[in-house]
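Remarks on the overall topology
One letter stands for each residue in the lines below.
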Amino acid sequence: TAGDPDIDTTLRILENAENAGADMIELGFPFSDPVADGPTIQASYARVLEKGGRNEDVFNLVERLRRSSEIPVVAMISYTLVFKMGFEKFLDRAITAGFDGATIPDLPAEEANQFVPCCREAGFNLISFVTPGTTPARRLRLLAMARGFIYYIAVCGITGERESVPKDLRANLVELKKETALPVAVGFGISGPQQARKVAALAEGVIVGSAIVRRINESAEAGRDPAEDALSFIREMADAVKS
């Protein structure tokens, strides 16, 4: 989450994430009413907003990152924020800042007709979400929209750490990969190295959010260095994935 606990700490994490083993960053835009995020990320958004965090802070943060790093960065942003800015204005600002794409969890496929062509024309990767409950017909529609990679949501529900990998994950990914040549990255619920290693054997990417956000907050509250703790955990997870 951009700005949690502060912008400079987020920047330090982003600048060093690649050396810690991360291949890509999904950077959250704080929003008051997220639809897919669980309590950990919701709380991080609230902390930033209470301190006056704004969208422009996130764009400026990525501009600062681009002075020293070319690691791919994807905006995790609510459709409400994009809609309020306007499609073209959002795309222009995101691309100028240095974002490579976006995940927009609450953008319905039925309402993406205007936005998808704009993204393609600009070379901006709009990431599609597929869940265990997505119907075959809707899945094909989402896959046709997608660029960059497919974000496969491992569980039906909100983000957050869980104790195990869903039993149907392997079968669901086998079916999904029959329908797309794009890389598939799995997120929602991955909380530790053991789970990450299992998912990495099935998919091209492993997405970890809440487990990192929680460590950042706990470290800040304990008076430790949140960036160091986050990077240590990223290194541990990356080692598990790449083993």
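Preceding this section is the structure that the text describes.
All values reported here derive from a predicted model rather than from experimental measurement.

Under the criterion given, the structure shown has 14 salt bridges. For R138, the salt bridge goes to E110, with nearest N and O atoms at 2.5 Å. Linking R138 in helix α7 (residues 136-145) with E110 in the loop between β3 (101-103) and α6 (115-122), this pair joins segments that are 28 residues apart in sequence. With a relative accessible area of 40%, E110 lands in the partly exposed category. It is possible to trace a salt-bridge network through shared partners that takes in E56, E63 and R93.

Glancing now at the nonpolar core. Of all hydrophobic cores here, the largest spans 68 residues; its most connected members are L27, F90, F99, I104, F115, L173 and V186. Ranked by residues supplied to this core, first place goes to helix α11 (residues 226-242) with six residues. Setting aside residues up to four positions removed in sequence, F115 forms contacts with V82, F87, F90, L91, I104, L107 and L126. Counting nine residues, the second-largest nonpolar core is a separate cluster that includes I127, Y151, F188 and I207.

What follows deals with the packing of helix α5 (residues 87-97) against α6. Viewed as axis vectors pointing N to C, α5 and α6 meet at an angle of 30 degrees, and their least axial separation amounts to 10 Å. The angle between α5 and α6 places the two elements in the roughly parallel class. Judged by the twist between their axes, the crossing of α5 over α6 is right-handed. Residues F87, F90, L91 and I95 of α5 form the contact with α6, whose participating residues are F115, C118, C119 and A122. Split into classes, the residues belonging to the contact of α5 with α6 amount to eight nonpolar, no polar and no charged.

The rules behind these values
- Residues numbered from 1 in each chain as written.
- Predicted model: local features only at pLDDT ≥ 70, side-chain atom pairs only at ≥ 80, totals over all residues.
- Heavy atoms only, no water.
- Salt bridge = Lys/Arg side-chain N within 4 Å of Asp/Glu carboxyl O.
- Helix = DSSP H or I, 4+ residues; strand = E, 2+ residues; numbered from the N terminus.
- Buried < 20%, exposed > 50% of the residue type's maximum accessible area, 1.4 Å probe, protein only.
- Core = buried A, V, L, I, M, F, W, Y, C linked by side-chain atoms within 4.5 Å.
- Contact = heavy atoms within 4.5 Å.
- Axes fitted to C-alpha atoms, helices over the stretch in contact; angles between N-to-C directions.
- Parallel < 35°, antiparallel > 145°, perpendicular 65-115°, else oblique.
- Left-handed = near helix turned anticlockwise from the far one by under 90°.
- Nonpolar A, V, L, I, M, F, W, Y, C, P; charged D, E, K, R; others polar.

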